[in-house]
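Structural features, examined
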Amino acid sequence: MSPPCHTSALLLIFMALAVAGAEQSEERSCDVIGDESSESQMERALLKKLEPLSHMRFNVTVEKGKTENYIYHFRVCREVNSTSHDFGGLVQTDRQNGKTTVIGRINETQVFNGSDWIMLIYKGGDSYGRHCSGEKRRAVIMISCKRGVTASSFSIISEEREKEQECFYLFEMDSSVACPAENSHLSAGSILLITFVSLIAVYIIGGFLYQRLVVGAKGMEQIPHFAFWQDLGNLVADGCDFVCRSKPRNAPAAYRGVGDDQLGEESEERDDHLLPM
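Residues numbered from 1 in each chain as written. Predicted model: local features only at pLDDT ≥ 70, side-chain atom pairs only at ≥ 80, totals over all residues. Heavy atoms only, no water.

By the naming in an unreviewed UniProt entry, the protein chain is Cation-dependent mannose-6-phosphate receptor, taken from Rhadina sibilatrix.

Now the structure itself:
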């Protein structure tokens, strides 16, 4: 084989290995039960909402006497062991003999929610033995709202296996992803008031800096439009007098002040005793 052909063959082999490695490293995610066309927008939105938890792993140990000693491994919409390719999203490991049992698989997922919780269900687990008519196991994970916490308190609540059908494992955990979006508590009036106050602050501060740095004003003259604000009180008074007056403008006042014509000459006489002797 000529050197160019040998080089091309090596490149093709490397590219094939790279593609195969990329396919293996890409983890599979949740697949909702049913055809892809039947998936609702709500289910897709909930799976998208759970995406921040997909890189995390959760474990809980359960020990009941000497007969039951298990570790439960859980991942949100990812395989617990991606190398086994069993779609196991929640897996039970027996600590005594190391046996693993898939409780639920991510390729048979159901998801729905309420106001402050999300319910994630993995179906299609390994079959029961003598319990539940030998049906396949199912994991139910209740994710409750807890603000400020990405994920915590993963625990098992119970295992219902005494029924003939519809048996399940129930788990719970807390996470902020299950919380509803916080609505703004500001009313339209509050927003307008904040905007108005902000504009006033910009006007005062900006006008003050302009008067001081550009115009070179000093003292009270640094206040923007100082002459206008100085005369504002008089303008308001004149306006109120004009609008609120209920009598003709040329009518005499309703009272008469005490003038010099009423005092006469008596006032001068009364002042004589104040003159120096």
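Next comes the rest of the write-up.
Things to note about the nonpolar core
Applicable threshold: Residues belong to a common nonpolar core when they are buried Ala, Val, Leu, Ile, Met, Phe, Trp, Tyr or Cys residues joined through side-chain atoms within 4.5 Å. For the exposure calls, accessible area comes from a 1.4 Å probe over protein chains only, and a residue counts as buried if that area is under 20% of its type's maximum, exposed if over 50%, partly exposed in between. Contacts were defined at the residue level, with two residues in contact if any of their heavy atoms lie within 4.5 Å.
Ranked by internal contacts, the top residues of the largest apolar core, which has 34 residues, are Leu50, Tyr72, Phe74, Leu90, Tyr122 and Ile141. Not counting residues within four places of it along the chain, the set of residues in contact with Ile141 comprises Phe74, Leu90, Ile118, Met119, Leu120, Tyr122, Phe171 and Met173.

Overview of the packing of aromatic side chains
Quick reminder of the rule: Centre distance within 6.5 Å is the pairing criterion for rings of Phe, Tyr and Trp, where only the six-membered ring of Trp is used; planes under 30 degrees apart are then read as stacked, over 60 as edge-to-face, and the remainder as tilted. We count a stretch as a helix when DSSP gives it H or I for four or more residues in a row; a strand needs E for two or more, and each element gets its number in order from the N terminus.
Under the counting rule described, the total for this entry stands at 11 aromatic pairs. With a centroid separation of 5.9 Å and 45 degrees between ring planes, the pair formed by Phe58 and Phe154 is classed as tilted. Of this pair, Phe58 sits in strand β1 (residues 57-64) while Phe154 sits in strand β7 (residues 152-160), placing them 96 residues apart in sequence. Ring centres of Phe154 and Phe171 lie 5.5 Å apart, and the angle between their planes is 5 degrees; on these two criteria the pair is classed as stacked. With a gap of 17 residues between them, Phe154 in strand β7 and Phe171 in strand β8 (residues 168-175) connect regions that are remote in the sequence. Residue classification places Phe154 among the buried positions, given a relative accessible area of 11%. Residue classification places Phe171 among the buried positions, given a relative accessible area of 0%.

Remarks on the confidence of the model for the protein chain
The criterion, for reference: Summary of the metric used: pLDDT quantifies the predictor's per-residue confidence within the range 0 to 100.
Of the residues in the protein chain, 77% reach a pLDDT of 70 or more, and the chain-wide mean stands at 81. Under a pLDDT of 50 for its full length, residues 18-24 has, in the predicted model, zero contacts with residues more than four places off or in other chains.

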